[in-house]
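# Report on the structure
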Amino acid sequence: MINDGKSSDIILRILKPEDVSEQYLAWNKDEDIVRYSDNQYRNFTLDGQKDYVKACLYNRDIDLYGIFSGNTHIGNITISGIESIHKRGEITYVIGDKNYWNKGIASFAVSNMIMKAKSYRLHKLFAGLAHQNIGSKVVLEKNGFILEGVRRSHLYYNNTFYDQLDYGLLLA
Ligand SMILES: CC(C)(COP(=O)(O)OP(=O)(O)OC[C@H]1O[C@@H](n2cnc3c(N)ncnc32)[C@H](O)[C@@H]1OP(=O)(O)O)[C@@H](O)C(=O)NCCC(=O)NCCS
């Protein structure tokens, strides 16, 4: 399961309501984490987030995985659109604990999602990101995603408009 030899204790497992902690909520209050994310506009509460995680458990269209280093919850990765008639799924990911950035963990998690998407017989994975989000770009490109297009001034974060890069990976 490991793709870089650096993330050997990293596991992905479906997130459960009991995994939702104050630390997890704090990710969404950290400017570095939400700089290029719609989460900067949302208010998160423990109960609200537990409800969301629970709803994902019963939603066949989305898988929400927690990324764990040992027992420590350090990030999330989702694949949605599993039931899509177009057989395409969207992935989103966050490494919420910045101590774990630049260790190959998001790249590893995305490579795992590619395997899962293949097992779901999806034809394509896609992801969109702000063009300044270099780390996220690197993660996708290391996993073979191709830049399919640029949506100009598509995102509004931190009082600034950003271009959105649309990446895709054909699985078949
Ligand atoms: C983007 C994010 C997921 C990356 O996670 P990560 O585990 O640090 O990613 P990885 O270590 O697998 O890969 C990051 C790569 O980007 C590179 N990188 C990061 N910032 C960079 C920069 N400013 N310039 C050049 N390269 C950069 C790293 O060196 C690394 O490449 P390498 O493995 O070849 O050395 C993480 O920073 C994060 O969660 N950010 C906040 C949420 C977010 O932006 N999510 C994505 C929304 S689209």
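Here, every reference points to the structure presented above.
Attention here is on the structure that accompanies the text.

Around the ligand, the surrounding shell holds 20 residues, and the nearest of these are Ile95, Asn102, Ser107, Asn133 and Lys142. Measuring from a nitrogen atom of the ligand, one finds a backbone N or O atom of Tyr93 at 2.9 Å. At a separation of 2.8 Å, an oxygen atom of the ligand approaches a polar side-chain atom of Asn133. When the ligand is considered free in solution it has 950 Å² of accessible area, and contact with the protein chains removes 70% of it. Broken down by secondary-structure element, the contributors of at least two residues to the shell around the ligand are strand E4 (88–95), helix H4 (105–119), strand E5 (124–130) and helix H5 (134–142).

Let us look at the environment of Asn133. Structurally, the position occupied by Asn133 is in the loop between E5 and H5. Considered as a pair, Asn133 and Gln164 are 31 residues apart in the sequence and their alpha carbons are 9.8 Å apart.

Before going further, it helps to spend a moment on the environment of Asp38. Its place among the elements puts Asp38 in the loop between helix H2 (31–34) and helix H3 (46–58). For the pair Asp38 and Asn28, spaced ten residues apart in the sequence, the C-alpha separation amounts to 9.9 Å. Of note is the side chain of Asp38, whose polar atom sits 2.7 Å from the side chain of Tyr157.

On to the packing of aromatic side chains. For the structure on display, the rule yields five aromatic pairs. Ring centres of Tyr36 and Tyr162 lie 5.6 Å apart, and the angle between their planes is 90°; this geometry places the pair in the edge-to-face category. Placement of Tyr36 in the loop between H2 and H3 and of Tyr162 in strand E7 (residues 160–170) is noted, with a sequence separation of 126 residues between them. When its relative accessible area of 24% is taken as the criterion, Tyr36 is described as partly exposed. Each ring, one from Tyr156 and one from Phe161, has its centre 4.6 Å from the other, and the planes form 45°; the classification is tilted. Put simply, the rings of Tyr36, Tyr41, Tyr157 and Tyr162 pair up and form one aromatic cluster. One cation-aromatic arrangement involves Arg13 over Phe68; the distance from NZ or CZ to the ring centre is 4.1 Å.

To continue, consider the sheet that holds strand E3 (residues 72–80). Pairing is mixed in the open sheet, where seven strands are placed in the order E1-E2-E3-E4-E5-E7-E6. At either end of the open sheet lies a strand with only one pairing partner, and these are strand E1 (10–14) and strand E6 (146–157). Shown here is a sheet whose adjacent strand axes are inclined to one another by a mean of 25°, direction ignored. In this sheet, E7 lies alongside E6 in antiparallel orientation, the contact comprising eight bridges. Within E7, the residue paired with Tyr157 across the bridge is Thr160.

Another aspect to go through is the pairing of E3. Counting buried positions over the nine residues of E3 gives seven, a clear majority of the element. Judged from the eight bridges that link them, strand E2 (residues 62–69) and E3 form a sheet pairing that is antiparallel. In the sheet register, Phe68 faces E3, and the bridge partner there is His73. Hairpin connection, E2 to E3: the antiparallel pair is bridged by two residues, and Gly70 has positive phi, about 60°. As paired strands, E3 and E4 are joined by six bridges and run antiparallel to one another. Its bridge partner lying in E4, Ser80 is registered against Glu90.

What counts as what
Residues numbered from 1 in each chain as written. Predicted model: local features only at pLDDT ≥ 70, side-chain atom pairs only at ≥ 80, totals over all residues. Heavy atoms only, no water. Near = heavy atom within 4 Å. Polar contact = N/O pair within 3.5 Å; in protein donor to acceptor, adjacent residues only side chain to side chain. Areas by Shrake-Rupley, 256 points an atom, 1.4 Å probe, with all protein chains shown as cover. Helix = DSSP H or I, 4+ residues; strand = E, 2+ residues; numbered from the N terminus. Phe/Tyr/Trp six-rings, centres within 6.5 Å; stacked < 30°, edge-to-face > 60°. Buried < 20%, exposed > 50% of the residue type's maximum accessible area, 1.4 Å probe, protein only. Lys NZ or Arg CZ within 6 Å of the ring centre and 35° of its normal. Pairing = 2+ DSSP bridges. Axes fitted to C-alpha atoms, helices over the stretch in contact; angles between N-to-C directions.

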